[in-house]
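One letter stands for each residue in the lines below.
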Amino acid sequence: EVLGRLEIGARPAGPVLLQLLGEVQWSLTAPAVGFSVSQPIPTQRRAVKVGAGVNADLFAGLGVSAQGFFTPWGQNTVRSLDLFVGVYSAFDAWGG
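Note that residues are indexed from 1 along each chain, following the sequence as it is written. In keeping with the predicted nature of the model, local features appear solely for residues at pLDDT of at least 70, side-chain atom pairs appear and are counted solely at 80 or more, and the whole-chain, interface and lining totals rest on all residues. Note that the side-chain values use all heavy atoms of the structure and ignore hydrogens as well as water.

Colleague: Looking at this structure, I do not really get the environment of Leu17. What am I missing?
Modeller: Structurally, Leu17 can be placed in strand β2 (residues 16–26). On the basis of relative accessible area, Leu17 is assigned to the buried category, the value being 18%. Note: C-alpha distance between Leu17 and Asp57 (40 residues apart in sequence) is 8.6 Å. Contact between two residues is taken to exist if any of their heavy atoms lie within 4.5 Å; hydrogens are not considered. Beyond its immediate stretch of four places on either side in the chain, Leu17 contacts Gly9, Ala10, Arg11, Gly53, Val54 and Asn55. We count a stretch as a helix when DSSP gives it H or I for four or more residues in a row; a strand needs E for two or more, and each element gets its number in order from the N terminus. Each residue gets one of three labels from its accessible area relative to the maximum for its type: buried under 20%, exposed over 50%, partly exposed in between, using a 1.4 Å probe on protein chains only.

Written as structure tokens, this is what we have:
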């Protein structure tokens, strides 16, 4: 499989980061067997997911994030809407 991820972001206002996101999962062998009772998880998948996200720094080193993805195209995969929320911490490990 070939896996890829692309993130592009911009900060239009101080602590806010807007993102455009993309993911690709591409099996080198074309999918032949779909979902079935004997094979509930397909071994070959091809899918493209696209989405957007926003991060906001609340105060020094701490922030919140939200991302959403959908699957505009895929073979042997679930066409889904994926939502993520998170809390993050940022720091300089070497004392910068």
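Colleague: Just to check I follow, could you spell out the packing of aromatic side chains for this structure?
Modeller: What characterises a pair of aromatic rings is the spacing of the ring centres plus the angle enclosed by the ring planes. Centre distance within 6.5 Å is the pairing criterion for rings of Phe, Tyr and Trp, where only the six-membered ring of Trp is used; planes under 30 degrees apart are then read as stacked, over 60 as edge-to-face, and the remainder as tilted. This structure, assessed with the given rule, holds two aromatic pairs. Plain terms: the ring middles of Trp26 and Trp73 are 5.8 Å apart, the flat faces sit at 20° to each other, and that makes the pair stacked. Here Trp73 lies in strand β4 (residues 62–75) and Trp26 lies in strand β2, a separation of 47 residues in the sequence. A relative accessible area of 35% places Trp73 in the partly exposed class. Relative to Phe84, the ring of Phe69 lies with its centre 6.1 Å away and its plane at 85°, an arrangement referred to as edge-to-face.

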